[in-house]
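# Survey of secondary and tertiary structure
For reference, the chains in residue letters:
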Protein chains: 2
Amino acid sequence: MAFKIGLLGLGTVGQGTAAILLDREGRHPLLKEIELVRVGVRSLSKSRTIALPENLLTTDLEAIVTDPEIDIVVELIGGVEPARSLILKAIDHGKHIVTANKALISRHGAEIFSAANQKGVYVLLEAAVGGGIPVIQPMKECLGANRINTVMGIVNGTTNYILTRMQAEAANFDEVLQQAQELGYAEADPTADVDGLDAADKIAILASLAFGERIKLEQVYCEGIRGISATDIDYADRLGFTIKLLAIASRSLESDTDNISVRVHPTLVPKLHPLASINGVNNAIFIEGEPIGQVMFFGPGAGAGPTASAVVSDILNIAGIITTTNTPHGLAESAHPLMTCTHQHYCELAPIEELITRFYARFITRDLPGVIGKLGTCFGNHEVSIESIVQIDTHGKQAEIVVVTHDVREGNFRAALDELKHMDIVDRFPSLLRVL
Amino acid sequence: MAFKIGLLGLGTVGQGTAAILLDREGRHPLLKEIELVRVGVRSLSKSRTIALPENLLTTDLEAIVTDPEIDIVVELIGGVEPARSLILKAIDHGKHIVTANKALISRHGAEIFSAANQKGVYVLLEAAVGGGIPVIQPMKECLGANRINTVMGIVNGTTNYILTRMQAEAANFDEVLQQAQELGYAEADPTADVDGLDAADKIAILASLAFGERIKLEQVYCEGIRGISATDIDYADRLGFTIKLLAIASRSLESDTDNISVRVHPTLVPKLHPLASINGVNNAIFIEGEPIGQVMFFGPGAGAGPTASAVVSDILNIAGIITTTNTPHGLAESAHPLMTCTHQHYCELAPIEELITRFYARFITRDLPGVIGKLGTCFGNHEVSIESIVQIDTHGKQAEIVVVTHDVREGNFRAALDELKHMDIVDRFPSLLRVL
């Protein structure tokens, strides 16, 4: 039995995928059963580094997803449309799907997986999170014995590159972003990366796998790294922390009702935590569960080769299961229960005000006696327990004060800040960061 | 369809496994289809912390592996016999196997997998390497797109615990070993751990998966940590390295014939390498391939809970594939090609003399002018290129000299050492370590 692949999109990852499928020696022997038969692109004339066999390219993407010869459609176009419509049509025509499209799955996963389950086809998406790092499949197939309480990670290479350089060079955000753009590590429009939207897509997918519930993307709290300054990185460093953009999904197993929180925000990570030393464009996903304890997966979070490795791994897994069942398509009633997505329900995420976390906050205040006392009293009135208040520096008539709290309810901390805003001692608070 | 499990062995991991199977709420829903029906032990009267339902325990292990009701036999006895005979008999009776037994698989894998393939049953062994860390299945099912050139890791928690404490406390091996034994981190007879034998079993299994060849365990080069001194840890630290017991399988993809090297030895790891910061009883497995680049899996390398997580993950995977194929046993001709072990050939490992590596060596020499020159000349005569020779210290009429080489052929380096032994300037060389 040979498996015929139709590829949609021939960008960086598409070319990486085609390169593997056209150079199969020394890889898994099952690859020899897999044949790339069509590649759908927007323009035939665009120059590309990869040399494809003749007649593979077409601009007729509809023809690929409806081609009766094709078993697996690999969607590497990205974005919501036309990817969504093409995938749904491919499913309707009984094709299995491999995709790297986190934006699509985090928004329309329910629709796509429902259609796939009904049709008895698989939708695999290893490449959607963590580039080449195996994480989706390990979560689906290696951690089922566990009650997962936390999945968190560094899932956006661009922001981690920027923060790593800011840390190494004591540089500010704007200058490093500009250099990252020049080097191709950041897009011309960096919004999706630096504002945390890409990380939000990914953690929504991971949270769904970890907790077996569908996640409403619009409920994922999302805060990017534009506000991080060299000053905060320096202060965090002195306090024993590294600032990372973490995507975090956590569930309180103690409370009566599951309390699921999914969020993306810059975070002070203790230097000894495994996530603190993940630098540059690398990604890492950290999972905590009972009884496994803590495990972490680390590797390249992007790039043609790594991401294509994940895409082809999904292709191999679909080919493997079809070989085993001896039917071209999994029967709906006997699809592999670890490979399918059977989440039925959307869960309500806890609002960010209900989060219990530690905070780091930097204040610029008037340099007067009694300021620290007033700060402390205000926090105390809102049940915000302080670990430390340190006056770091004075600038003329102003003082710079850094507060680190114990675990507090975020809503209480914000209420205290609101009150402080209206007191004449606090000039402004340029930074408000959560501590892991 | 429900799956009936027979468990052999109720030690630490056995109890952890039973605990999961008896408390299934909040884990993967497929677990509800899985029932623990028999537990084979040596003694019924031994007191155990776990409370099992009545009539599960038996001392008749043969009866479990031949019980027609049982679908999956989980072997957690350890050691070669009777585990080997029981597993072979279970396979002969059409049972799928889950095992954590690295000693058995590294020695008798060929026999066991051949029997399993013939019978159309699966033998899964996630728990055999890296405790709870998903690594075997990711290697089998997530990295197939790659040409793997290196798998290496910290795969023995006991030795990593000892080295971590030696490093932190500038303590010597013997005292830390004794404390580790008192704390239960090392066995009364620590040979298998501290001499690298346990790590050798594990890297033989990983090498086999990485390169698709069978490994002859007796060809795996194995050197433990008894010779590591506080002095070497200190010097390594000053040079920018941490000493770790690494298990390494590497393949040169450049040479005409594959040149596979599998070995266990203490290694100077650059402090910025991800493996350098894996401390205590944790394990980590680092994999390098084309096109994925470098990925690492990190987590608890032992313990009842983590290891049981891996065991139950294997049970779930077998249940999943049986559900999908709708047959109690995979047909031999259509077994899942990523779940089976189909290696046919033993490969010849390169002898350690052919290894190309950097060395760190510490010499006690006579404190005379010209010693460094003579050392350098001798190395040069054997084509050993030196990166640095530093006289660290003098003790009376003796000098302590540390040599770090560039990449050299190990055979050449040893020949140089042999020659030095016979020169009257070198008193002894207490340490000879490889550098990553």
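Quick caveat, the model's predicted, so the values are computed rather than measured.

## Thoughts on the confidence of the model for chain A
- Looking at chain A, the pLDDT average stands at 93 and 97% of residues meet or exceed 70.
- Interface scoring of the predicted complex returns ipTM 0.94; its pTM is 0.95.

## Brief notes about unusual backbone geometry
- Following A:Glu81, the chain continues into A:Pro82 via a peptide bond in cis, with omega recorded as 10 degrees.
- Its place among the elements puts A:Pro82 in the loop between β4 (72-75) and α3 (83-92).
- The peptide bond linking B:Glu290 to B:Pro291 adopts the cis configuration, its omega dihedral lying at 10 degrees.
- With respect to the helices and strands, the residue B:Pro291 is situated in the loop between β12 (282-290) and β13 (293-300).

## Section: the nonpolar core
- With 164 residues, the main nonpolar core has A:Ile162, B:Ile162 and B:Leu206 as its most contacted residues.
- Not counting chain neighbours up to four residues away, the residues in contact with B:Leu206 comprise B:Val129, B:Val135, B:Ile136, B:Met139, B:Val151, B:Val155 and B:Ile285.
- Grouped together as the second largest cluster of nonpolar side chains are 75 residues, A:Ile20, A:Ala127, B:Phe3 and B:Leu76 included.

## What about a nonpolar patch on the surface?
- Together, A:Leu183, A:Tyr185 and A:Val281 make up an exposed nonpolar region whose accessible area comes to about 270 Å².
- A:Leu183 gets classed as exposed once you look at its relative accessible area, which sits at 52%.

## Looking at the interface of chain A and chain B
- Contact residues are listed per partner, giving 50 residues for chain A and 50 residues for chain B.
- Both faces considered, chain A and chain B share a buried interface measuring about 4200 Å² in area, 59% of it formed by carbon and sulfur atoms.
- Interface area lost by chain A to chain B is led by A:Arg147, A:Phe298 and A:Thr324, which between them contribute 14%.
- Viewed at the interface, chain B and chain A are joined by four salt bridges.
- Measuring nitrogen to oxygen at the nearest pair gives 3.0 Å for the salt bridge that ties B:Arg27 to A:Glu290.
- Across the contact surface, chain A and chain B share 22 residue pairs in polar contact (both at pLDDT 80 or more).

## Things to note about the pairing of β13(B)
- Here β13(B) lies mainly inside the structure; six of its eight residues are buried.
- Between β12(B) and β13(B), which pair antiparallel one after the other, the connecting turn spans two residues.

## Some words on the UniProt feature "binding site: L-homoserine" (unreviewed entry) in chain A
Residues and elements named next belong to chain A.
- Under the UniProt annotation, "binding site: L-homoserine" (unreviewed entry) lies at Glu187.
- Classification of Glu187 as exposed rests on a relative accessible area of 53%.
- Those residues in contact with Glu187, other than ones at most four positions away along the chain, are Gln181 and Asp193.

## Focus on the packing of helix α12 (residues 371-381) of chain A against helix α13 (residues 410-421) of chain A
Residue and element names in this part refer to chain A.
- The N-to-C vectors of α12 and α13 enclose an angle of 140 degrees; their axes lie 8 Å apart at closest approach. In terms of orientation, α12 and α13 fall into the oblique class. For α12 against α13, the interelement crossing comes out right-handed. When α12 is examined against α13, the residues Leu375, Cys378 and Phe379 are found in contact with a partner set consisting of Phe413, Ala416, Leu417, Glu419 and Leu420.
- Of the residues in the contact of α12 with α13, the class split is seven nonpolar, no polar and one charged.

## Details of the packing of aromatic side chains
- Enumeration according to the criterion identifies eleven aromatic pairs over all chains in this entry.
- Seen from their ring centres, A:Tyr161 and A:Tyr185 are 4.4 Å apart, and the 45 degrees between their planes marks the pair as tilted. With A:Tyr161 in helix α6 (residues 157-169) and A:Tyr185 in the loop between α7 (173-183) and α8 (191-194), this pair connects stretches of sequence that are 24 residues apart.
- On the accessibility criterion, A:Tyr161 (11% relative accessible area) is buried.
- For A:Tyr185, a relative accessible area of 39% gives the class partly exposed.
- Summarising the aromatic geometry, the rings of B:Phe359 and B:Phe413 are spaced 4.2 Å apart at their centres and angled 5 degrees between planes, so their arrangement reads as stacked. Taken together, the residues B:Phe359 in strand β15 (residues 356-366) and B:Phe413 in helix α13 (residues 410-421) connect sequence positions 54 residues apart. Neither residue differs from the other here; B:Phe359 and B:Phe413 are each classed as buried.
- Through successive ring pairs, a cluster of aromatic residues spans A:Phe359, A:Phe363, A:Phe379, A:Phe413 and A:Phe429.

What counts, and at which threshold
- Residues numbered from 1 in each chain as written.
- Chains lettered and ligands numbered in written order.
- Predicted model: local features only at pLDDT ≥ 70, side-chain atom pairs only at ≥ 80, totals over all residues.
- Heavy atoms only, no water.
- pLDDT = per-residue confidence, 0-100.
- Helix = DSSP H or I, 4+ residues; strand = E, 2+ residues; numbered from the N terminus.
- Core = buried A, V, L, I, M, F, W, Y, C linked by side-chain atoms within 4.5 Å.
- Buried < 20%, exposed > 50% of the residue type's maximum accessible area, 1.4 Å probe, protein only.
- Contact = heavy atoms within 4.5 Å.
- Patch = residues over 30% accessible without salt bridge, like charges linked within 9 Å, V, L, I, M, F, W, Y side chains within 5 Å.
- Areas by Shrake-Rupley, 256 points an atom, 1.4 Å probe, with all protein chains shown as cover.
- Salt bridge = Lys/Arg side-chain N within 4 Å of Asp/Glu carboxyl O.
- Buried area = accessible area lost by both parts, 1.4 Å probe.
- Polar contact = N/O pair within 3.5 Å; in protein donor to acceptor, adjacent residues only side chain to side chain.
- Pairing = 2+ DSSP bridges.
- UniProt positions renumbered as here; feature names shortened; annotations may be inferred.
- Axes fitted to C-alpha atoms, helices over the stretch in contact; angles between N-to-C directions.
- Parallel < 35°, antiparallel > 145°, perpendicular 65-115°, else oblique.
- Left-handed = near helix turned anticlockwise from the far one by under 90°.
- Nonpolar A, V, L, I, M, F, W, Y, C, P; charged D, E, K, R; others polar.
- Phe/Tyr/Trp six-rings, centres within 6.5 Å; stacked < 30°, edge-to-face > 60°.

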